[in-house]
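# Results of the structural survey
Chain residues, written in single-letter form:
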Amino acid sequence: MTSVLYDAQGPRAKQRNILYTVLFVLCAAAVVWWVYDGLAEKHQLDWIKWKPFFTSSQPWETYIWPGLQNTLKAAFFALLIALPLGALFGIGRLSDHRWVRMPAGFVVELFRAVPVLILMITANAVYAEYTTIDTDVRPLYAVVTGLVLYNFSVLAEIVRAGIETLPKGQAEAAKALGMRKSQIMLSVLLPQAVTAMLPAIVSQLVVIVKDTALGGAMMTFPELLASVRPMSANYGANTIACFTIIAVIFVALNFALTTFASRLERWLRRNKKGKGAASGGAPETIGTPSLVVDDGRA
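Residues numbered from 1 in each chain as written. Predicted model: local features only at pLDDT ≥ 70, side-chain atom pairs only at ≥ 80, totals over all residues. Heavy atoms only, no water.

## Some remarks on the overall build of the protein
- Each helix and strand counted, the protein has 10 helices and zero strands in total.
- Taken from N to C terminus, the helices and strands of the protein fall in the order α-α-α-α-α-α-α-α-α-α.
- Look at the contacts in the protein between residues 6 or more apart in sequence, and 71% of them connect residues 24 or more apart.
- Entry remark: accessible area of the protein is about 18,100 Å², with carbon and sulfur atoms responsible for 66%. (Helix = DSSP H or I, 4+ residues; strand = E, 2+ residues; numbered from the N terminus. Contact = heavy atoms within 4.5 Å. Areas by Shrake-Rupley, 256 points an atom, 1.4 Å probe, with all protein chains shown as cover.)

Here you go:
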C-alpha cells in the first residue's frame, strides 16, 4: 500500500527497520543498566536515602513545601504583571500610529533578546543599590522583575500573532457598524484571539514556573529547586533522591497546568460554537454574532 507521502516498504526495508529497532532497544537497555549500576555502586539507590520522603513528613514540611510556595508565589506575581503588560505592548505593536508602534516594538525586542538570568541579576543589583528593600525579600523582587521583563515581551508577540491570525473581515465588519478602534480591539479581536493564544500562553506559564529555579541558583532565592542542597545535606547526601522528588513535583505541576489549559481551551471552543449556532451566525465569532465573517461585509 502506498501513500502520497511515501512508498510502501519492501521486504528488505522492513528487515532493516526491525534490525535498527532491536539495536536501539539494546543500546537503550545498556545505557539504563550503566546508569543504574553507577548509582547502585555509589549507594544512591539504597532505601535509607529514599526513606525520609516516604516515612516522614519532615522533609516535606521543612524543605519542599516552603520551596514550592516560593516558586508558586514568584510565578503567580510574574504572570499577574506580565500578562496585562504583554497584552498592552502586543496591541501597541499593531497600532496605526508610528509613535506608538515603534517604541512598543523596540521595548519588546530589547527584553526578548536579553537572557532572563541577566535581567534577574541586574534587577537584584538595582534594588540593592537604589532601594531600601529588605535583603530577605529582595531575591523575590529580583526574580519576579526578571521574569516579568522577559515574559511580557514574549507574551506581547503571542498577543500580536494571535490577533493577526484573525480574518480581516472581522475588523472591517466592525468598522462598518461604526465601532471605534478601541472597541474593535477589546470587543471583537481580543475575545476571538484568546482561544488561539491560550496554548502558547500556558506554555509560557510553564517556562515561568521553571525559570524561578534560576533565582535559587544565582541569588539564594529559596524556591523549590534550591531546597535540594539543604535537604541533601540533612539526609545523608541523598542528592539523586532529592533531585528525583523535585523533578517529579515539577512534572506534576506543569502537567496540571497544561491539563487545565487544554480543558479550558475545549470549553472555550464549545462555548464559541454554541454561541455561533444559537445566533445563526458563523461559529468563528465570539460575542459579536452580528458580524459576517465570510466576505468581510456586515
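## Section: the pattern of salt bridges
- Counted according to the given criterion, the structure contains six salt bridges.
- Residue Glu109 pairs with Arg112 through a salt bridge whose shortest N-O separation is 2.9 Å. Taken together, the residues span about one helical turn, with Glu109 and Arg112 both in helix H4 (residues 98-113) at a distance of three residues.
- Judged by its relative accessible area of 32%, Glu109 falls in the partly exposed class. (Salt bridge = Lys/Arg side-chain N within 4 Å of Asp/Glu carboxyl O. Buried < 20%, exposed > 50% of the residue type's maximum accessible area, 1.4 Å probe, protein only.)

## Topic: the packing of helix H7 (residues 168-176) against helix H8 (residues 181-218)
- For the pair H7 and H8, interaxial distance at closest approach is 10 Å and the crossing angle is 155°. Here H7 is positioned roughly antiparallel relative to H8, judged by the angle of their axes. As H7 runs across H8, the sense of the crossing is right-handed. Within the contact between the two elements, H7 uses Gln170, Ala171, Ala174 and Lys175 and H8 uses Ile184, Val188, Leu189 and Gln192. (Axes fitted to C-alpha atoms, helices over the stretch in contact; angles between N-to-C directions. Parallel < 35°, antiparallel > 145°, perpendicular 65-115°, else oblique. Left-handed = near helix turned anticlockwise from the far one by under 90°.)

## What to know about the packing of aromatic side chains
- Following the criterion strictly, the structure yields seven aromatic pairs and no others.
- For the pair Tyr127 and Tyr141, a centre-to-centre distance of 6.1 Å together with 80° between the ring planes defines the contact as edge-to-face. Of this pair, Tyr127 sits in helix H5 (residues 116-130) while Tyr141 sits in helix H6 (residues 138-164); the two residues are 14 residues apart in sequence, bridging distant segments of the chain.
- For Tyr127, a relative accessible area of 19% translates into the label buried.
- An aromatic cluster of at least three residues, connected via ring pairs, comprises Phe89, Phe111 and Phe152. (Phe/Tyr/Trp six-rings, centres within 6.5 Å; stacked < 30°, edge-to-face > 60°.)

## Points about the nonpolar core
- One finds Phe53, Ile64, Val143, Leu147, Leu224, Met231 and Ile246 to be the most contacted residues of the largest nonpolar core, which totals 34 residues.
- Within the residue set of this core, elements represented by two or more residues are helix H2 (47-55), helix H3 (58-92), H5, H6, H8, helix H9 (228-234) and helix H10 (239-279).
- Per-element accounting of this core gives the leading share, seven residues, to H10.
- Not counting residues up to four positions away in its chain, the partners in contact with Leu224 are Ile64, Gly67, Leu68, Thr71, Ile246, Ile249 and Phe250.
- Ranked by size, the runner-up nonpolar core spans 19 residues in total, among them Ile158, Met185, Met197 and Ile201. (Core = buried A, V, L, I, M, F, W, Y, C linked by side-chain atoms within 4.5 Å.)

## Some words on the packing of H3 against H8
- Running from N to C, H3 and H8 point in directions that differ by 145°, and their axes come no closer than 10 Å. Note on packing geometry: the crossing formed by H3 with H8 is right-handed. Contacts from Thr71, Ala74, Ala75, Ala78, Leu79, Leu83 and Ile91 in H3 reach Met185, Leu190, Ile201, Leu205, Ile208, Val209 and Thr212 in H8.
- Considering only residue class, the contact of H3 with H8 consists of 12 nonpolar, two polar and no charged. (Nonpolar A, V, L, I, M, F, W, Y, C, P; charged D, E, K, R; others polar.)

## Observations regarding the side chain of Asp211
- Turning to its location among the elements, Asp211 is positioned in helix H8.
- Buried charge without a partner: Asp211 forms no salt bridge, and the closest opposite charge is Lys210, 7.0 Å away.
- Setting aside residues up to four positions removed in sequence, Asp211 forms contacts with Val116, Met120 and Leu147. (Lys, Arg positive; Asp, Glu negative; His and termini not counted.)

## Description of the side chain of Gln44
- For Gln44, the location among the structural elements is in the loop between helix H1 (11-41) and H2.
- Take Gln44: its relative accessible area is 13%, and that puts it in the buried class.
- A polar contact of 3.5 Å, which involves the side chain of Gln44, links it to the backbone nitrogen of Ile240.
- Apart from the residues lying within four places of it in its own chain, the contact partners of Gln44 are Leu39, Lys49, Trp50, Ala237, Asn238, Thr239 and Ile240. (Polar contact = N/O pair within 3.5 Å; in protein donor to acceptor, adjacent residues only side chain to side chain.)

## Digging into H4
- For H4, with 16 residues, the first-to-last C-alpha span of 22 Å sits near the 22 Å given by 1.5 Å per residue.
- Looking at H4, one finds that the buried residues are Ala104, Gly105, Val108 and Phe111. Along the axis of H4, the buried positions cluster into a sector of 150°, meaning they face one direction only. With respect to the buried face of H4, the exposed residues turned more than 90 degrees away are Arg98, Trp99, Phe106 and Ala113. (Expected span 1.5 Å × (residues − 1). Arc of directions from axis to C-beta.)

## Description of H7
- Within the sequence span of H7, burial applies to Gly169, Gln170, Ala173 and Ala174. Burial along H7 is one-sided: seen end-on, the buried residues are contained in an arc of 135°. Relative to its buried face, H7 has exposed residues pointing more than 90 degrees away, namely Lys168, Lys175 and Ala176.
- Residues of H7 that are buried in the fold lie against H8.
- Taken from the residues just after H7, Gly178 is the one with a positive phi, measuring 90°.

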